[in-house]
Amino acid sequence: FDEFNRIQVEVLSVIAQQMLTVTQAIRAKKDMFEFLGGEIPLNRRFGVFITMNPGYAGRAELPDNLKSLFRPVAMMVPDYGLIAEIMLYSEGFGNAKKLSRKMVSLYALSSEQLSKQDHYDF
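Everything numeric here is computed off the predicted structure, so don't read it as measured data. (Residues numbered from 1 in each chain as written. Predicted model: local features only at pLDDT ≥ 70, side-chain atom pairs only at ≥ 80, totals over all residues. Heavy atoms only, no water.)

1. Let's talk about a nonpolar patch on the surface
Among the surface-exposed residues, Val 77, Tyr 80, Ile 83, Met 87 and Val 104 lie close enough to one another that they form a single nonpolar patch of about 490 Å² accessible area. The element that contributes the greatest number of residues to the nonpolar patch is helix 3 (residues 80-90), accounting for 3 residues. Mapped onto the elements of the fold, Val 104 is located in helix 4 (residues 96-113). (Patch = residues over 30% accessible without salt bridge, like charges linked within 9 Å, V, L, I, M, F, W, Y side chains within 5 Å. Areas by Shrake-Rupley, 256 points an atom, 1.4 Å probe, with all protein chains shown as cover. Salt bridge = Lys/Arg side-chain N within 4 Å of Asp/Glu carboxyl O. Helix = DSSP H or I, 4+ residues; strand = E, 2+ residues; numbered from the N terminus.)

This is the structure we're talking about:
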């Protein structure tokens, strides 16, 4: 799930209970388990992956019972120049290295000088 911490805290609490039910069934190595009032088969390869962008307005902290079900993974800022270069080369641009540097400069200047509005996502 992308931007998981945009979900309302009340809904996150319900999700935490449901995730705990599934996690306990996996740990107990069950073939079937009760979920939302019904007996369903368990796929032990089940996994949930979430992304979060902390620090933005409107983002909630995960409740502790939900936070304990996930392992954090550190992320780093990608090399935008390399990404742009590869995309340009894949589209057939011969001078992709030079163009990618210009694109990165364009986006950096845009993110610094344009107003902070939701429809910009630099």
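2. Details of the pairing of strand 2 (residues 38-41)
With 4 bridges connecting them, strand 1 (residues 32-35) and strand 2 associate as antiparallel partners. Bridged to Phe 33 within strand 2 is Ile 40. What sits between strand 1 and strand 2 in their antiparallel hairpin is a turn of 2 residues, with Leu 36 showing a positive phi close to 55°. (Pairing = 2+ DSSP bridges.)

3. Regarding helix 4
With 18 residues, helix 4 should cover 26 Å at 1.5 Å per step; its first-to-last C-alpha distance of 25 Å lies within 8% of that length. For helix 4, the complete set of buried residues consists of Ala 96, Ser 100 and Ser 110. Down the axis of helix 4, the buried set is contained in an arc of 90°. They therefore lie on one face. Seen from the buried face of helix 4, the exposed residues on the opposite side, beyond 90 degrees, are Arg 101, Lys 102, Glu 112 and Gln 113. Each element contacted by the buried residues of helix 4 is listed here: helix 3. (Expected span 1.5 Å × (residues − 1). Buried < 20%, exposed > 50% of the residue type's maximum accessible area, 1.4 Å probe, protein only. Arc of directions from axis to C-beta. Contact = heavy atoms within 4.5 Å.)

4. Focus on the packing of helix 3 against helix 4
The N-to-C vectors of helix 3 and helix 4 enclose an angle of 130°; their axes lie 8 Å apart at closest approach. In terms of their interaxial angle, helix 3 and helix 4 are classed as oblique. Crossing geometry of helix 3 relative to helix 4 is assigned as right-handed. From helix 3, Tyr 80, Gly 81, Ala 84, Glu 85, Leu 88 and Tyr 89 reach across to helix 4, where they touch Ala 96, Lys 97, Leu 99, Ser 100, Met 103 and Val 104. By residue class, the composition of the contact of helix 3 with helix 4 is 8 nonpolar, 2 polar and 2 charged. (Axes fitted to C-alpha atoms, helices over the stretch in contact; angles between N-to-C directions. Parallel < 35°, antiparallel > 145°, perpendicular 65-115°, else oblique. Left-handed = near helix turned anticlockwise from the far one by under 90°. Nonpolar A, V, L, I, M, F, W, Y, C, P; charged D, E, K, R; others polar.)

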